[in-house]
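# Observations on the model geometry
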Amino acid sequence: MTTVHFPKGFLWGTATSSYQIEGAAQEDGRGESIWDRFSKTPGKVEDGTNGDVACDHYHRYRDDVALMKRLGMQAYRFSVAWPRVLPTGRGRVNPAGLDFYKRLVDALLEAGIEPFVTLYHWDLPQVLQDEGGWTQRSTAEAFTEYADVVARALGDRVKNWITHNEPWCTSLLSHEKGIHAPGLKDFRAALLASHHVLLSHGWAVPVIRAASPGAQVGITLNFSPAEAASPSAADYDAFRHYDGYFNRWFLDPLYGRHYPADMVADYVRAGHLPPEGLATLVRPGDLEAIAAPCDFLGVNYYNRAVIRSDRVPESENLPRTVHLAPPSEWTEMGWEVHADSLRRILTRLHLVYAPARLYVTENGASFSVGPDAEGRVRDDRRLAYLREHFLAARKAMEAGAPLAGYFVWSFLDNFEWDRGYSQRFGIVWVDYKTQQRIPKDSALWYRDVIAANAVEG
Ligand code: IFM
């Protein structure tokens, strides 16, 4: 065993999102979100559950912050529920909704925990969805108004802002695959959504900076580091397409490179875009707005994709991990454990896109192990997963990646979207009946990592 140290000032934290933990879905004037509607539509969530109560964090945030403090957290990434703040999407502000986040931020600062605020983690106001949601440019305008309202309210105390969480999920997973709200299966709608999400990010960046002096602003993407299953030309081309679809479609415009030309050509060929490509969608000035310089890029990483060429049709374009890993190397989400791909993606981002700073804004694993007879949660596999990924991230830093912090997903077990409560990503166990919290072994180990700013490797 050697001790692997992290640089002084490296920020260790944990992350959640509003709909997954808050509950209080009908309280204090909160409007309906697309996840309220979607989760209550039969067949959309595996176990028929929803986020009405979730971890009841809305009422228990003080205790939750106190627990974070006991675990030594230095930073906490959470999201604001847009329909709590603007129940009708735009226009009328709901002061009670904003107050909740003011109280939460104050509690965090009091505990010495740095807040990282995500503005959009998927709970779009339903009224905006009724107007077409992210397929409409007007939703990007509404998002900019919402960003302004939140940044003005919290901007004196919050210094780290993330506009969007995982635009691939907001657009493709939700509009092409239909797995997340609003549940569409329409590739063209998904491409419209992707552009409007990116545009809303670009428009919001200067608005946040204006309202929050000294703000550090970024966006979080989820990456699926891909590789070809074999050296064949066909597999390589399949890999190119998958990487374009998942990673480059978002990265390239954010870093001033326009949408990738090879992907536009693929989408025109497949009929997902009209023959004139993006000409009717992308208006003058859009690409400049999307490429607004940011202070950091957030990286969410869970697993890799090994791609072979037989993955047709397009609508089933899911990662193909053809290497048959032993069951010990899969999490309960059915995701392969592959820490070295975190090193690879961080290094690639640094070498190819050169972001000023990187944060791992999410990384973690779903394992359902619960309390034993003594009430202890021995989640050895999560602990091992985190250790391996921390070490992989450190290797990327040795290669120059400007990684400044790491947020473990998730602080609490919570509502895992279409998988309901069947998946547990938390480093803290939640008993959903009693709302009791129990730090798992991984949380206690993480506390020691944070205290030492080092990992035993
Ligand atoms: O729970 C989600 C989170 O909301 C977004 N990133 C992936 C996590 C695990 O699926």
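The structure contained in this document is the topic of the report that follows.

## Structural notes on the pairing of strand β10 (residues 358–362)
The buried fraction of β10 amounts to five of the five residues, a majority that puts the element mostly inside the structure. Judged from the four bridges that link them, strand β8 (residues 296–301) and β10 form a sheet pairing that is parallel. If you follow G298 over to β10, its bridge partner there is Y359. Two strands pair when backbone bridges link them, and β10 and strand β11 (residues 403–409) are joined in this way by three bridges, in the parallel orientation. Within β11, the residue paired with V360 across the bridge is Y406. Regarding the hand of the β-α-β motif, the stretch spanning β10, helix α14 (residues 380–398) and β11 is right-handed.

## Section: the pattern of salt bridges
Taken as a whole, this structure holds 33 salt bridges when the rule is applied. Across the pair R209 and D295 runs a salt bridge whose closest N-O atoms are separated by 2.7 Å. Of this pair, R209 sits in helix α9 (residues 187–211) while D295 sits in the loop between α12 (286–290) and β8, and the two are 86 residues apart along the sequence. Residue classification places D295 among the buried positions, given a relative accessible area of 17%. Connected via shared salt-bridge partners are D237, R240, D243, R248, D262, D266, R269 and R348.

## Observations regarding the pairing of strand β12 (residues 428–431)
Direction of pairing for β12 relative to strand β13 (residues 436–439): antiparallel, over a ladder of four bridges. The residue bridging D431 from the neighbouring strand is Q436, located in β13. In this structure, the hairpin formed by β12 and β13 is closed by a connection of four residues, where Q435 is found at a positive phi of approximately 65 degrees.

## Quick look at the sheet that holds strand β3 (residues 75–79)
Around the barrel, which closes on itself, the eight strands sit in the order β2-β3-β4-β5-β6-β8-β10-β11 with parallel pairing between neighbours. Recorded for the sheet is a direction-independent mean angle of 25 degrees between the axes of neighbouring strands. The pairing of strand β5 (residues 160–165) with strand β6 (residues 216–223) spans four bridges and is classified as parallel. Opposite W161, over in β6, you have V217 as the bridge partner. Contacting β4 (114–120), β5 and β6, α9 crosses the sheet at an angle of about 165 degrees to β5. Across the face of the sheet, helix α13 (residues 340–353) comes into contact with β6, β8, β10 and β11 while running at roughly 160 degrees to β8.

## Here's the deal with the layout of surface pockets
Estimated volume of the largest pocket: approximately 760 Å³. When residues of the lining of the largest pocket are traced back to their parent elements, those giving at least two are α8 (167–176), β6, α10 (233–254) and β8. Broken down by element, the lining of the largest pocket gets its largest block of residues, three residues, from α8. Along the lines of polarity and charge, the residues of the lining of the largest pocket split into 18 nonpolar, ten polar and eight charged.

## Some points on the packing of aromatic side chains
Taken as a whole and assessed by the stated rule, the structure comprises 51 aromatic pairs. With centroids separated by 6.5 Å and ring planes inclined at 55 degrees, the aromatic side chains of F116 and F296 adopt a geometry described as tilted. Placement of the pair is F116 in strand β4 and F296 in strand β8, with a sequence separation of 180 residues. Each member of the pair F116 and F296 is classed as buried. The interplanar angle of 55 degrees and the centroid separation of 6.3 Å between the aromatic rings of F187 and Y245 together place this pair among those described as tilted. Placement of F187 in helix α9 and of Y245 in helix α10 is noted, with a sequence separation of 58 residues between them. The residues F187 and Y245 share a single accessibility class, namely buried. Members of the aromatic cluster, joined through ring pairs, are Y19, W35, F38, W122, F415, W417, Y421 and Y432.

Each value, and the rule that gives it
- Residues numbered from 1 in each chain as written.
- Predicted model: local features only at pLDDT ≥ 70, side-chain atom pairs only at ≥ 80, totals over all residues.
- Heavy atoms only, no water.
- Buried < 20%, exposed > 50% of the residue type's maximum accessible area, 1.4 Å probe, protein only.
- Helix = DSSP H or I, 4+ residues; strand = E, 2+ residues; numbered from the N terminus.
- Pairing = 2+ DSSP bridges.
- Right-handed = clockwise from strand over helix to strand, strands pointing away.
- Salt bridge = Lys/Arg side-chain N within 4 Å of Asp/Glu carboxyl O.
- Axes fitted to C-alpha atoms, helices over the stretch in contact; angles between N-to-C directions.
- Contact = heavy atoms within 4.5 Å.
- 1 Å grid on protein atoms, 1.4 Å probe; cavity = no way out; pocket = protein on both sides within 12 Å on 5 of 7 lines; lining within 4 Å.
- Points joined across faces, edges and corners; volume = space filled by probe spheres on them.
- Nonpolar A, V, L, I, M, F, W, Y, C, P; charged D, E, K, R; others polar.
- Phe/Tyr/Trp six-rings, centres within 6.5 Å; stacked < 30°, edge-to-face > 60°.

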